[in-house]
Amino acid sequence: MSEKYQYDVLYLGSGHGAFDGAIPLAASGKRVGLIEEDKVGGTCPNRGCNAKITLDNPVQLLRHQERMNGIVNGNLSIDWTKSVEHEHEVIDGLPDMISGLLTSSNAEIITGRGKFIDEHTIEVNGKNYTSDKIVISTGQRPHRLDVPGKEFAHDSTDFMNLTKLPQKIVIIGGGYISMEFATIANAVGSDVTVLLHHKKALRKFNQEYVRQILADLDDRGVNFIDNAEVNSFEKDGDHFKVSYNGEESLTTDWILDATGRIPNVENIGLDTVGVEYNDNGIEVNEHLQTSVDNIYASGDVLDKIEPKLTPTAIFESTYLTQLFTGQTEKAINYPAIPTVVFTSPQIAEVGITPNEAAEDDQYTVKTNHLPDAWFRQVDKELLGDNTLIYNYKGELVGASEISDQAVDAINVLLPAIEFKFTAEQLGRIVHLFPSLASDTWSQI
């Protein structure tokens, strides 16, 4: 690293694509800085994963008691106000905690909005900061529909900060956020309508399982409207009107725009320095290097085929630390990265998908109806299936599951998929019994 610059590595952004790698990098003796205009830690700790899972946890408890009704009796309900208070008890201290980890490792936090001046210089609040290498980790933000009255719609952060849940909610979109928040709002007691742009939701997931999720939510009172082209929002007394498909409309108390997320690539000087990007994010090579040699990128701002998830960003950030400290010169080699939708039940998957397997005869597919497994009968799981995918060698290469314990089940299978365990190696893994891990492993 050159002594002519203030920093060896300067991160634009402080989310998981930055701080997970910046902490060990600074601890190794490198001069490290992070530029952040908002809360340290980025989306996941402050307005994403951590907040969402805290709000989802009471729903899981409600579902469990529902299944066990008659054995565990009671009329349970979720106090939304208390749930949001608990959410903030969980997340409000995270920025200070992360800041403490950074500063204790001798990384410097620079507060303000950063913009490239040249390939080695970022300007923040009128002051220039120079670095040998720069990592862009600006993440994504909610996409917003550009229709008349768009100011009346809200995003996912607004939803998680509501101190009182509206009686009627309209959610626009069919992705993670839409399905997860529809599940939560419905469980708390709101009247929820979801407008889908097409007929499908969660399009990247096993559609057989998605249909089960939609059917369950429909049974619980969530109203789905397919092929809805939103035209406008407008104030209607104490309520709001959502117009769609030209002449159709409905009235609601609150509107959630959950039409996806877009990369934060604007107004940070990428064009000034020649960093190439597109609508999906910043373009990088196999070393996460941009079109400018000393500028790299990590996290959700990347244009990539890997899932734009926290674990992916962490892996990329720590890879760059290894690259910058000379621990590796190799291209990034992504592991099997699982993904999940926190509906009730959940859908989780990893590796080769059922759709991919159906298009290639080298794969063998095995399915299990999980309520038939004795362990799933312990807490009366009624909805549950998994799909296990094997290559021509008989190695497990993919798994997809819908169940109330899908997250833990897929996590159990990860080592077998990542390391291509042989039958002998599979037999060497002995889990605690009885347990979900033992039951899941026995299905391989």
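Calculation criteria
- Residues numbered from 1 in each chain as written.
- Predicted model: local features only at pLDDT ≥ 70, side-chain atom pairs only at ≥ 80, totals over all residues.
- Heavy atoms only, no water.
- UniProt positions renumbered as here; feature names shortened; annotations may be inferred.
- Helix = DSSP H or I, 4+ residues; strand = E, 2+ residues; numbered from the N terminus.
- Buried < 20%, exposed > 50% of the residue type's maximum accessible area, 1.4 Å probe, protein only.
- Arc of directions from axis to C-beta.
- Contact = heavy atoms within 4.5 Å.
- Salt bridge = Lys/Arg side-chain N within 4 Å of Asp/Glu carboxyl O.
- 1 Å grid on protein atoms, 1.4 Å probe; cavity = no way out; pocket = protein on both sides within 12 Å on 5 of 7 lines; lining within 4 Å.
- Polar contact = N/O pair within 3.5 Å; in protein donor to acceptor, adjacent residues only side chain to side chain.
- Patch = residues over 30% accessible without salt bridge, like charges linked within 9 Å, V, L, I, M, F, W, Y side chains within 5 Å.
- Areas by Shrake-Rupley, 256 points an atom, 1.4 Å probe, with all protein chains shown as cover.
- Lys, Arg positive; Asp, Glu negative; His and termini not counted.
- Charge placed at Lys NZ, Arg CZ, Asp CG, Glu CD.
- Points joined across faces, edges and corners; volume = space filled by probe spheres on them.
- Nonpolar A, V, L, I, M, F, W, Y, C, P; charged D, E, K, R; others polar.
- Domains from an automatic or database assignment.
- Buried area = accessible area lost by both parts, 1.4 Å probe.

Per an unreviewed UniProt entry, the protein chain is named NAD(P)/FAD-dependent oxidoreductase, and its organism is Pediococcus stilesii.

Draft legend 1. Here's a closer look at the UniProt feature "domain: Pyridine nucleotide-disulphide oxidoreductase dimerisation" (unreviewed entry) in the protein chain. Summarizing the sequence annotation, UniProt attributes the feature "domain: Pyridine nucleotide-disulphide oxidoreductase dimerisation" (unreviewed entry) to residues 337–438 in the numbering used throughout. Helix makes up 30% of residues 337–438 and strand 28%, whereas the separation of the span's terminal C-alpha atoms amounts to 22 Å.

Draft legend 2. Fine view of helix α5 (residues 94–104). Every buried residue of α5 is accounted for by Leu94, Pro95, Ile98, Ser99 and Leu102. Considered in projection along α5, the buried side chains sweep an arc of 130° and stay on one side of the axis. In α5, those exposed residues whose orientation departs by more than 90 degrees from the buried face are Asp96 and Ser104. Buried residues along α5 sit in contact with α1 (16–27), β2 (32–36), α2 (43–47), α3 (49–67), α4 (80–91) and β3 (108–111).

Draft legend 3. Local environment of the pattern of salt bridges. According to the stated counting rule, one finds 18 salt bridges in the structure shown. Between Arg47 and Asp38 there is a salt bridge, with its nearest N and O atoms 3.2 Å apart. The class for Asp38 is partly exposed, based on a relative accessible area of 43%. For Glu66, the salt bridge is made with Arg220, and the minimal N-O distance between the two is 2.7 Å. Here the residue Glu66 occupies a position in helix α3, and Arg220 occupies one in the loop between α8 (207–219) and β10 (223–225), the gap between them amounting to 154 residues.

Draft legend 4. Examining the UniProt feature "binding site: NAD(+)" (unreviewed entry) in the protein chain more closely. Those residues carrying the UniProt feature "binding site: NAD(+)" (unreviewed entry) are Gly173, Gly174, Gly175, Tyr176, Ile177, Ser178, Met179, Glu180 and Gly260 in this numbering. These annotated residues cover 88 residues of sequence, and their C-alpha atoms all fall within 13.1 Å of one another, placing them together at a single site. Of the annotated residues named above, the ones that line the largest cavity are Ile177 and Gly260. In this structure, Met179 sits in helix α7 (residues 176–188). Apart from the residues within four sequence positions on either side, Met179 is in contact with Gly173, Gly174, Val194, Leu196, Ala201, Leu202, Leu214, Phe224, Val341 and Thr343.

Draft legend 5. Here's a closer look at the side chain of Arg67. By secondary structure assignment, the location of Arg67 is in helix α3. Among the polar contacts listed, one links the side chain of Arg67 to the side chain of Asp379, at a separation of 2.9 Å.

Draft legend 6. Representation of a positive patch on the surface. On the surface, a cluster of positive charge is made up of Lys200, Arg203, Lys204 and Arg211. Here Lys200 shows up in the loop between β9 (191–195) and α8.

Draft legend 7. Geometry of the layout of surface pockets. Here the second largest pocket is characterised by a volume of approximately 180 Å³. If you trace the second largest pocket, you find it lined by Arg63, Glu66, Arg67, Asp216, Arg220, Ser344, Pro345, Leu382, Leu383 and Asp404. Looking at the lining of the second largest pocket, the element that brings in the most residues is α3, giving three residues. Classifying every residue of the lining of the second largest pocket by side-chain character gives three nonpolar, one polar and six charged.

Draft legend 8. Inspection of the environment of Val412 at higher detail. With respect to the helices and strands, the residue Val412 is situated in helix α13 (residues 406–419). On the basis of relative accessibility, which here comes to 15%, the residue Val412 falls in the buried class. Placed 399 residues apart in sequence, Val412 and Gly13 show a C-alpha to C-alpha distance of 33 Å. In contact with Val412, not counting residues within four places along its chain, are His431, Ala437, Thr440 and Trp441.

Draft legend 9. Structural view of the domain arrangement of the protein chain. Assigned domains of the protein chain: these are domain 1 (7–141 + 262–325), domain 2 (150–259) and domain 3 (345–442). Listed as interface residues are eight residues of domain 2 and, on the opposing side, eleven residues of domain 3. Approximately 930 Å² of surface area, both sides summed, lies buried where domain 2 meets domain 3, with 60% of it carried by carbon and sulfur atoms. On the domain 2 side of the interface with domain 3, the three residues burying the most area are Phe205, Tyr209 and Gln212, jointly 56% of the side's total. Where domain 2 touches domain 3, the interface holds zero salt bridges. Joining domain 2 to domain 3, the criterion identifies three residue pairs in polar contact (both at pLDDT 80 or more).

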